[in-house]
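# A look at the structure
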Amino acid sequence: MNNKKINKLIVKYLSNSISKKKWNKLSDWFRMSENNQAFIEYLEINYAIDHIMLEFNTKKTKESVIKKIRKEKRSTYVKSVFKYAAVVALFVSVGYLYMNKDIIDPNEISANELLIPKDEAITIKLDDGTIKVININEDSTLKDENGNTFGLQNESELSYLKHTGIENLVYNTLNIPYGKKFDLVLSDGTRVYLNSGTTIRYPIKFIEGLSRDVFLEGEAYFDVEQDKKHPFIVHTDEMNIRVLGTKFNVSHYLDDNTASTVLVEGSVELFSDQDGDETIETNTTLLKPGFKAEWNKSNNDVSLENVDTRIYTAWIDGKLIFRNSTFRHIRKTLARHYNVVIKNSNTELDVQLFDATFDIETIDEIIETFNKSYAIKYKIINNEVLIY
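Residues numbered from 1 in each chain as written. Predicted model: local features only at pLDDT ≥ 70, side-chain atom pairs only at ≥ 80, totals over all residues. Heavy atoms only, no water.

### Some words on the overall build of the protein
Looking only at helices and strands, the protein has nine helices and 24 strands in total. Within the protein, the proportion of its 388 residues that are buried is 44%. Here the contacts in the protein between residues at least 6 apart in sequence split such that 55% fall between residues at least 24 apart. (Helix = DSSP H or I, 4+ residues; strand = E, 2+ residues; numbered from the N terminus. Buried < 20%, exposed > 50% of the residue type's maximum accessible area, 1.4 Å probe, protein only. Contact = heavy atoms within 4.5 Å.)

### Focus: unusual backbone geometry
Positive phi, normally seen in glycine, also occurs at N300, with a value near 65°. Within the element layout of this structure, N300 appears in the loop between β18 (291-296) and β19 (302-306). By relative accessible area, which is 25% here, N300 ends up partly exposed. Despite not being glycine, N339 has its phi angle at roughly 60°, a positive value. Mapped onto the fold, N339 is located in the loop between α7 (327-338) and β21 (341-344). Taking the relative accessible area as the measure of exposure, N339 reaches 5% and is therefore buried.

### Observations regarding α7
The first and last C-alpha atoms of α7 sit 16 Å apart over 12 residues, in line with the 16 Å expected at 1.5 Å per residue. Of the surrounding secondary structure, the elements contacted by the buried residues of α7 are β20 (320-326), β21, α8 (347-350), β22 (353-358), α9 (363-374) and β24 (384-387). The positive-phi residue at the C-terminal boundary of α7 is N339, with phi of around 60°. (Expected span 1.5 Å × (residues − 1).)

The values are spatial; any link to function lies outside them.
The structure is reproduced here in C-alpha cells:
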C-alpha cells in the first residue's frame, strides 16, 4: 500500500471508525518490518480495548511497549524505526485520551502545559519602504505608484509579471516567519520555494544586460529559468551561487555555524567576495548534481559530500527528514518549522545522532515521542519547551 492509503487507515484508526477488514490491512502493513512487533502488540491490545471493551492497565501497557522499543535503539543512534515510534506514541496518547474522555476536563489543564505555536504574518517590503501583510487565504495585486500592476498573489504564491514597463532595478523584500512557507515566481519565470524563517530581496523585474541577482537569508529551493546571457546569482553573507538554469537548495540561517547548497539538477558555481568586493572572486567551487557543498562560517572552508538530495528538499512537501543528525540540529529545525521555542540544557543530548522522519505530526506529538521513546525529559513553561 502507498503512503496515502496508509495515512487514511491511520486516521480511521485514530477516529475509532476503522473496520475489521481495514484493521487487518493496517496490522499487516506494520508486520512487514522486523522492527514493528512491539508496535503490533500494542495496536492489537488497543484495538481490542476500543472495540471489545476489555479491561487493561494503560500505564503498564505503555511501559511494556516503550521497553521493547528501547531495546531496538543504540545508545547514541536511533534507527529508522523512529518514524514508527512516533506513530505508536501518537496511538498511545490518542487511545488513552479516547478511553478517558469522560473523566478528563480540558479546563483542568494548566496553561503552562500547553504548547501553542506562534502565528506570525508573512510580509513584503516594497521599494518605497511600505510594508504590507500577505494573507495566504486571499488573492491580491501589487501595484506601482502609477497604479500599474506588477505582481499577482494567489493565496500562498506571489508571481511577478514579465512585462511591466519598468526599466530600472526596483527591489521588493519578502519575509517568511517561522512556522510558514511561501512560493515566489520571479519576473523571468524562476520559481523559489521559501522555507520558514527566510528573507529574500529581489528585483520586481530583471533588467536586460544585467545578471539576475537575489539576496537570501534562511532557506530556499530554486528552480531557475535558463538564460545564458543573464546568469542567476544567489547572494548570502558568506557565499554566492552562480547558475544558468538549474534546481538547487540553499540553507543559510544566520544562527547556524555552517551554510550549505545541495544541487539537484544542472550545475552551479560557488564563490565568495574578497573583502566585500564583488569584482574579486575567491574560493570558487564547481558543484555537481547529487552533491552538497557546506561551508564553515568561521574559517570559510568548503567541503563537498555526495548526498540523497530528497532529504534536503523534503520540506517543500511539508516533511522533515533527518539522517544521522544531531539533536541540536533537529530541535533547531523543529523550532523554525513550528515557530516554537525549544531550549536544551542537556549538552550530551545535543550531540547525539538520530534518524527521524516527520510528516503530519504536531510539535506536541514529536516532543512527547522523544520523551516516551528515548527518555528525554522536558517541561513546557510559558509556551516554551525546556529540555533538561
